[in-house]
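If you want the building blocks of each chain, they are given just below.
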Amino acid sequence: MLYEKYGKYYNLIYSSIDYDGEVEEISNLLQAEQTGIKSILDIGCGTGSYVLRLSKKGYVADGIDSSPPMIEAAKSKLREADIQASVSLEDVKEFSFEKSYDAVICLFGSFDYLYEDSDIQGLFKGIHQSLSNGGIFMLDFLNAEFFKHNQPKPVILEGKQSGMKSFRSTFPKVDLNAKRLELEFKCTIYRGRDILDYFEEVHSLRIFDPEQVTRLLVVNNFTLESNSRKGFYTRILARKQA
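A. How the structure looks around helix H3 (residues 19-33). Here H3 spans 21 Å end to end across 15 residues, near enough to the 21 Å set by a 1.5 Å rise per residue. Buried within H3 we find Tyr19, Val23, Ile26, Ser27 and Leu30. Projected down its long axis, H3 carries its buried residues within an arc of 95°, all on one side. For H3, the elements touching its buried residues are helix H2 (10-13), strand S1 (39-43), helix H4 (49-56), strand S4 (101-106), strand S5 (131-142) and strand S11 (233-240).

B. Inspection of the packing of aromatic side chains at higher detail. Applying the stated rule across the entire model yields 19 aromatic pairs. A centroid spacing of 6.3 Å and a plane angle of 55° characterise the contact between Tyr19 and Phe108, whose relative ring orientation is tilted. Linking Tyr19 in helix H3 with Phe108 in the loop between S4 and helix H6 (117-130), this pair joins segments that are 89 residues apart in sequence. Given the relative accessible area of 9%, Tyr19 is considered buried. Overall, Phe108 belongs to the partly exposed group, its relative accessible area being 33%. Considering the side-chain rings of Phe137 and Phe222, the 5.7 Å spacing of their centres and the 45° angle between planes classify their relative orientation as tilted. Note that Phe137 is positioned in strand S5 and Phe222 in strand S10 (residues 222-230), a separation of 85 residues in sequence. For the pair formed by Phe137 and Phe222, the shared burial category is buried. In this structure an aromatic cluster arises from ring pairing among Tyr6, Tyr9, Tyr10, Tyr14, Tyr19, Tyr50, Phe108, Phe185 and Phe199.

C. Summary view of the sheet that holds S1. Judged by pairing direction, the sheet is mixed, and its seven strands sit side by side in the order S3-S2-S1-S4-S5-S11-S10 without closing on themselves. Two strands close off the open sheet at either side, each with one partner strand: strand S3 (87-89) and S10. The mean angle between the axes of side-by-side strands here comes to 15°, regardless of whether they run parallel or antiparallel. In this sheet, S11 lies alongside S10 in antiparallel orientation, the contact comprising eight bridges. Directly across from Ser228, in S11, lies its bridge partner Arg235.

D. Main features of the packing of H3 against H4. The N-to-C vectors of H3 and H4 enclose an angle of 65°; their axes lie 10 Å apart at closest approach. Seen along the crossing, H3 lies across H4 with a hand that is right-handed. Of the residues in H4, those in contact with Tyr19, Asp20, Glu22, Val23 and Ile26 of H3 are Ser49, Tyr50, Arg53 and Leu54.

Thresholds, definitions, all that
- Residues numbered from 1 in each chain as written.
- Predicted model: local features only at pLDDT ≥ 70, side-chain atom pairs only at ≥ 80, totals over all residues.
- Heavy atoms only, no water.
- Helix = DSSP H or I, 4+ residues; strand = E, 2+ residues; numbered from the N terminus.
- Expected span 1.5 Å × (residues − 1).
- Buried < 20%, exposed > 50% of the residue type's maximum accessible area, 1.4 Å probe, protein only.
- Arc of directions from axis to C-beta.
- Contact = heavy atoms within 4.5 Å.
- Phe/Tyr/Trp six-rings, centres within 6.5 Å; stacked < 30°, edge-to-face > 60°.
- Pairing = 2+ DSSP bridges.
- Axes fitted to C-alpha atoms, helices over the stretch in contact; angles between N-to-C directions.
- Left-handed = near helix turned anticlockwise from the far one by under 90°.

Function cannot be read off these values alone, since they describe shape.
Spelled out as structure tokens, the structure:
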């Protein structure tokens, strides 16, 4: 199962990420696009880092994810912080809610695990149904244009949390013909000089041409409002059409 071990140590591995800064940026971008946003749904919420911080900022924030280990970790994190947000296990390719939201976000690589256009159509349909009229959708995706001119290099990421440390090596491989970025993770979990766990996972991510994503948004009744590029990611803001 993807994320079985990775999900267990996800918060530790990504403990160096500035989630507070990211959530501040997300909030500012959404409010600049449409004032008065009060409720946000996080698609691919992982262990709930965005949901937790958005809730603390005063938003009604909920999340869904397809990974059982990630949702269990998210529930535990929210419970410990005494945050009354809802996170649930859902198939992001096929979901629906009676509740509607002012904004929906799908960030931090979640979208790149959808390999077929039919999967994206299902996701966009669920998002369209979940948004209030004129609601905003924020999406990040891997931009194929970046990889045409840049070859990603192996990198390390170190984490530290609750007396434990992590050391993750990432070995990337790009296949432009197949539109895939393969990430081989090698992770060591340790305390002091004692190795507590070691595991390897390979994650295959889809890379996209921006025009392709725009076309799928338009087909599914969204209007493109803006797009910006940040390294190998492109961020799009789109608005729900009636």
